[in-house]
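# Reading the structure
One letter stands for each residue in the lines below.
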Amino acid sequence: MSLKVVSVVGARPQLIKAAVVSEAIRKHCSEVLVHTGQHYDYEMSDIFFADLELPSVDHHLGIGSGSHGWQTGSMLIALEEVLIMETPQWVLVYGDTNSTLAGALAASKMRIPLAHVEAGLRSYNRAMPEEINRIVADRFSKILFCPSHSSVRNLEKEGITNGVHMVGDVMYDAMLHYLPKAKDRPSPLERIEVAAGAYALATIHRAKNTDDPERLAAIMACLAVVETTVVFPAHPRTREALRTNQLAIPENVRLLEPVGYLDMLMLEQGASAILTDSGGVQKEAFWLQVPCVTLRDETEWVETVETGWNVVVGVDPERVQAAMNRGRPVESPPPVYGDGKAAGRIAELMAED
Ligand code: UD1
Ligand code: UDP
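Cut-off values and rules
Residues numbered from 1 in each chain as written. Chains lettered and ligands numbered in written order. Predicted model: local features only at pLDDT ≥ 70, side-chain atom pairs only at ≥ 80, totals over all residues. Heavy atoms only, no water. Near = heavy atom within 4 Å. Polar contact = N/O pair within 3.5 Å; in protein donor to acceptor, adjacent residues only side chain to side chain. Areas by Shrake-Rupley, 256 points an atom, 1.4 Å probe, with all protein chains shown as cover. Helix = DSSP H or I, 4+ residues; strand = E, 2+ residues; numbered from the N terminus. Nonpolar A, V, L, I, M, F, W, Y, C, P; charged D, E, K, R; others polar. 1 Å grid on protein atoms, 1.4 Å probe; cavity = no way out; pocket = protein on both sides within 12 Å on 5 of 7 lines; lining within 4 Å. Points joined across faces, edges and corners; volume = space filled by probe spheres on them. Contact = heavy atoms within 4.5 Å. Buried < 20%, exposed > 50% of the residue type's maximum accessible area, 1.4 Å probe, protein only. Phe/Tyr/Trp six-rings, centres within 6.5 Å; stacked < 30°, edge-to-face > 60°.

### Concerning the site of ligand 1
Inspection of the region around ligand 1 gives 19 residues, with His39, Asn98, Glu130, His205 and Arg237 positioned closest. The contact in question runs from an oxygen atom of ligand 1 to an N or O atom on the side chain of Arg237, over 2.7 Å. Protein burial of ligand 1: of its 740 Å² of free accessible surface, 85% is covered by the chains. When residues of the shell around ligand 1 are traced back to their parent elements, those giving at least two are α3 (68–86) and α11 (236–244). For the shell around ligand 1, the class distribution of residues is five nonpolar, nine polar and five charged.

### So, the layout of surface pockets
Considering only enclosed or pocket space, the second largest pocket measures out at about 210 Å³ in volume. Lining the second largest pocket are 15 residues, with Ser272, Ala273, Ala323, Met324 and Asn325 sitting closest to its centre. Looking at the lining of the second largest pocket residue by residue, the class counts come to seven nonpolar, five polar and three charged.

### Overview of empty space enclosed by the protein
Per the stated rule, a full pass over the model turns up two cavities of 30 Å³ or more. Empty space within the largest cavity amounts to approximately 50 Å³. For the largest cavity, the full set of lining residues is Val117, Glu118, Phe145, Pro147, Val167, Gly168, Asp169, Val170 and Ile346. In terms of residue class, the lining of the largest cavity is made up of six nonpolar, one polar and two charged. Approximately 30 Å³ is the volume attributed to the second largest cavity.

### Brief notes about the side chain of Ser45
Locating Ser45 in the fold gives a position in the loop between β2 (30–35) and α2 (46–52). Leave out the neighbours within four places in its chain, and Ser45 touches Leu15, His35, His39 and Tyr40.

### Concerning the environment of Gln321
Relative to the helices and strands, Gln321 resides in helix α15 (residues 317–325). A relative accessible area of 33% places Gln321 in the partly exposed class. Along the primary structure Gln321 and Leu223 are separated by 98 residues, whereas in three dimensions their C-alpha atoms are 9.4 Å apart.

### Some words on the packing of aromatic side chains
Inspection of the entire model under this criterion finds five aromatic pairs. Summarising the aromatic geometry, the rings of Tyr178 and Tyr261 are spaced 5.9 Å apart at their centres and angled 85 degrees between planes, so their arrangement reads as edge-to-face. Remark: Tyr261 occurs in helix α12 (residues 261–270) and Tyr178 occurs in helix α7 (residues 170–183); sequence separation between them is 83 residues. You can call Tyr178 buried: its relative accessible area is 3%. Here the aromatic rings of Trp287 and Tyr337 are separated by 5.9 Å at their centres, their planes lie at 85 degrees, and the arrangement is edge-to-face.

Okay, here's the thing in structure tokens:
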């Protein structure tokens, strides 16, 4: 009998990661895909199933939005029922969202071995909800799949060395796999009526950047100093915060609904620069060799900064302007996030364990 893995997803980036990992896992194990329902708008969830040919969901928990305690607690209750029913040999969680935390807690309490994809990331800022989620997931995992050597070292510093594997970043696998498909479709640039190289791309969604109206206003001021059009596919959280606080959108900013991953890759590749607070987008900028400006006070993806492809500037318009005017780094991004074969390694290691 083959091993049964329950994979827990719920938020946009987890769907992208699962697209490549699920395919690899299904070559070795039987997989049960659980969607917590943390993200539920068409543009935040279903579009990824349609574009990326994800396997269909076996259990949709339909939890939706709420406070951290309510959301995580509701997921925990529902996941426990699924795990009682499915009796898997592994629970697999991704990244650092509340869906990750709930999956990690449900598995640990039921003493089902836990596997964590994207282990060992740290911002060293516990005011970030994601930092708590990743620390808990790493602490309880039996097997930890790290995307980089620095994430292995972060775990070492916390005394976590057993079951740690540097496999590379599954988002790099996803980008390599889906970029040719993205190029094969009608270009989103034509639809949006922007020319390659003539616009910057922005995404913002972090709690710190959206919950405080003053900080969000400062971010709008940061986008206003960009000398080109800024294409801004806005996360629903950000759109809502802009609306409720009646913040003005700068004239050079083209506010869009969130786009699917294939269109996002093309928008990233065509941009002259990317301004973001997203983890995934910082790395995609690095891999696609598009200069990135990170509107945060720190980053977990330290390698992107070391070669000058990414600059962390906070939300200060002057620093944004300086970062936008820096030259293109001369050095190509080094292969610090693996070789694009992380998903296969993850599947093999889980099947062997
Ligand atoms: C979550 C993760 C974050 C990750 C991000 C990826 C946590 C604590 N945060 O942040 O680490 O980077 O997903 O995108 O898990 N909303 C909608 N429609 C949706 C989803 C959300 O309108 O489909 C709105 C709701 O008002 C909701 C808010 O966005 O309250 C925030 O959603 P939530 O899932 O709690 O956190 P994210 O900001 O998406
Ligand atoms: N992304 C997308 N459409 C968008 C914005 C982002 O497909 O409108 C993709 C992006 O290319 C990356 C992932 O979503 O692969 C990043 O997710 P997000 O920024 O929501 O979360 P984070 O990576 O910060 O956790």
